[in-house]
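The primary structure of each chain is shown beneath.
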Amino acid sequence: MLSSALKSSSLLRGPSAARCLSAWAQVEMGPPDAILGITEAYKRDTDSRKINLGVGAYRTDAGKPYVLNSVAQAEQNILQQSLDKEYLPITGLAKFTSAAASLAYGNTQALERVAVTQSISGTGALRIGGAFLERFHAGKAIYVPGPTWGNHGAVFRDCGLKVGQYRYFDPQTNGLNLAGMLEDIRALPKGSLVLLHACAHNPTGVDPTAVQWAEIQKVVEECEHVAFFDMAYQGFASGDVDRDASALRSFVEANKAPVLLAQSFAKNMGLYGERVGTFSVVGADSAEKYRLLSQVKILVRPMYSNPPVHGARIAGEVLSDSGLRQMWLGEVKEMADRIIRMRAALRGELEELGSKKSWNHITDQIGMFCYTGLTPAQVDRLASEFHVYLTRDGRVSIAGITTGNVKYLAESIHKVTKD
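Predicted model only: the values in this text are computed from it and were never measured. (Residues numbered from 1 in each chain as written. Predicted model: local features only at pLDDT ≥ 70, side-chain atom pairs only at ≥ 80, totals over all residues. Heavy atoms only, no water.)

Peer 1: Before we go on, may I ask you to explain the overall build of the protein in this structure?
Peer 2: A tally of regular secondary structure across the protein gives 17 helices and 13 strands. For the protein, contacts bridging at least 24 residues in sequence account for 74% of all contacts bridging at least 6. Roughly 19,900 Å² of accessible area belongs to the protein as shown, and the carbon and sulfur atoms make up 53% of that amount. Looking at the protein, you have 45 positive and 42 negative side-chain charges, and the mean spots of the two groups are 6 Å apart. (Helix = DSSP H or I, 4+ residues; strand = E, 2+ residues; numbered from the N terminus. Contact = heavy atoms within 4.5 Å. Areas by Shrake-Rupley, 256 points an atom, 1.4 Å probe, with all protein chains shown as cover. Lys, Arg positive; Asp, Glu negative; His and termini not counted. Charge placed at Lys NZ, Arg CZ, Asp CG, Glu CD.)

Peer 1: Please explain the packing of helix H4 (residues 69-80) against helix H13 (residues 310-320) as it appears in this structure.
Peer 2: In a packed pair of helices, the relevant descriptors are the angle between the two axes and the axis-to-axis distance. Relative to each other, H4 and H13 sit at 110 degrees, their axes nearing to 9 Å. Classified by the interaxial angle, the pair formed by H4 and H13 is roughly perpendicular. Relative to H13, the crossing made by H4 is right-handed. Mapping the contact onto sequence places Ser 70, Val 71, Ala 74, Glu 75, Asn 77 and Ile 78 in H4 and His 310, Arg 313, Ile 314, Glu 317 and Val 318 in H13. Among the residues forming the contact of H4 with H13, the class breakdown is five nonpolar, three polar and three charged. (Axes fitted to C-alpha atoms, helices over the stretch in contact; angles between N-to-C directions. Parallel < 35°, antiparallel > 145°, perpendicular 65-115°, else oblique. Left-handed = near helix turned anticlockwise from the far one by under 90°. Nonpolar A, V, L, I, M, F, W, Y, C, P; charged D, E, K, R; others polar.)

Peer 1: Looking at this model, I keep getting lost on the sheet that holds strand S10 (residues 276-282). Mind explaining?
Peer 2: Pairing between sheet strands relies on hydrogen bonds along the backbone, with the strands arranged either parallel or antiparallel. A sheet is described by the order of its strands in space; here seven strands give the open sequence S2-S10-S9-S8-S7-S3-S4, paired in mixed fashion. Edge strands, defined here as strands with exactly one partner in the open sheet, are strand S2 (114-120) and strand S4 (162-167). Recorded for the sheet is a direction-independent mean angle of 25 degrees between the axes of neighbouring strands. (Pairing = 2+ DSSP bridges.)

Peer 1: What is the right way to read H13 from this model?
Peer 2: For the α-helix, the turn length of 3.6 residues means that residues three or four positions removed from each other point alike. Burial runs high along H13: nine of the eleven residues are buried. Among the residues of H13, Gly 311, Ala 312, Arg 313, Ile 314, Ala 315, Gly 316, Glu 317, Val 318 and Leu 319 are the ones counted as buried. For H13, the secondary structure elements touched by its buried residues are H4, helix H5 (94-105), S2, S10 and helix H14 (322-352). (Buried < 20%, exposed > 50% of the residue type's maximum accessible area, 1.4 Å probe, protein only.)

Peer 1: Quick question: what am I supposed to make of the environment of Ala 72 here?
Peer 2: Its place among the elements puts Ala 72 in helix H4. Counting along the chain gives 42 residues from Ala 72 to Val 114, while the straight-line C-alpha distance between them is 30 Å.

Peer 1: Explain the nonpolar core to me, please; I cannot follow it from the model alone.
Peer 2: Here is a general trend for soluble globular proteins: nonpolar side chains tend to be buried in one another's company. Core analysis: the largest hydrophobic core is formed by 60 residues, its most contacted members being Met 269, Trp 328, Leu 346, Val 388 and Ile 401. Counting residues per element, the ones that place at least two in this core are H4, H5, H13, H14, strand S11 (369-371), helix H16 (376-386) and helix H17 (406-417). Counting residues per element, this core draws most heavily on H14, which supplies eight residues. Beyond its immediate stretch of four places on either side in the chain, Val 388 contacts Ile 51, Leu 53, Leu 382, Ala 383, Tyr 408, Leu 409 and Ser 412. Core analysis: the second largest hydrophobic core is formed by 39 residues, Ala 101, Tyr 143, Phe 169 and Tyr 371 among them. (Core = buried A, V, L, I, M, F, W, Y, C linked by side-chain atoms within 4.5 Å.)

Peer 1: Would you mind going over unusual backbone geometry with me for this structure?
Peer 2: Note: most residues except glycine have negative phi, and most peptide bonds are trans. At the junction of Gly 146 and Pro 147, the peptide bond is cis and its omega measures out at 0 degrees in the coordinates. Between Asn 202 and the following residue, Pro 203, the backbone shows a cis peptide bond with an omega angle of 25 degrees. The topology assignment puts Pro 203 in the loop between strand S7 (193-197) and helix H9 (210-222). Residue Asn 255 is not a glycine yet carries a positive backbone phi of 60 degrees. As for its placement among the helices and strands, Asn 255 is situated in the loop between helix H11 (246-254) and strand S9 (259-264). The backbone of Arg 275 sits at a positive phi, close to 55 degrees, despite the residue not being glycine. With respect to the helices, strands and loops of the structure, Arg 275 is situated in the loop between S9 and S10.

Right under this line is the structure:
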């Protein structure tokens, strides 16, 4: 028996076993996620003053995750109904998708032309959109602002699209390079795919003004480009859901450029782990809407068949119940207002310290993120000397700033920037 066991062991170490074990030998170690690395370094730090400004999720003034009261009440309402766990249709929960489309586009006749499907949050919406464009748009290339959310390029490339850039951020002013943006968009091939952040641009926090949006829209329309809006922060930017959707609605109302939308409820409802969103495309009329929706279903079916139900039920309940909706609108405004207060506090503390640098951009920018203008070397010093963690491009998550740490943060930034 021992001899037989040894013989079997020898066979396992033979050529066929080697082939099996080496089947993935060519697979290289992938690079670590930048944000994850920041979080891990923060966790290892034992200094009581440490601050994590890398995480892209809302935190209370106590630095804690926040479950909105409207969301908690909606979840209780749903649990009391003892609903089943059956599959949703391919396009998701109609109660949710209908309410989400109304929130995005407004209660207008344009909704009759909107083909909408539930998605796996904003990332999933972008993935559906990328697959749709790869299959049905002749260009096979999409142009994103420079810089843009780090996942945009990966999502679109995995859909088979080429990814180009147009100028957006001006590092000299820490604001919008409107002239460069318009020049680049004009220079794109006619009918190009242009990705636009609807509000609260990630990662810069730089949004066009209403006047600038009108100029951007005019150029996109004149060039017959396709506008793909990414709206992850409706309500979270200004505190006003209508104001934050105004650029999207203006494009749709004009009806001169094709419009697609990726919509997320991670930030504005705090449904990060529920993965709730929609993808939609605006058709020429209701007949085209149903043709578009039929093709979206064909794309989604082999991708994930149908979306999860629980988060959609929560969001649908919040948006459809008048009392819960009003509660939510108040809560999302309070989240936005806290971010705005922290921007003002950080700028005020830096100016109080006598910094010779201009920090106007901190309050000029909007939303969760701020491009501070800090250099990689200054960011490294903040981490090593002051226990303050952020991405090396100088992007700060304002949600990580609290009344308890803003003074220390300002002092730390002042020390690394005063030389």
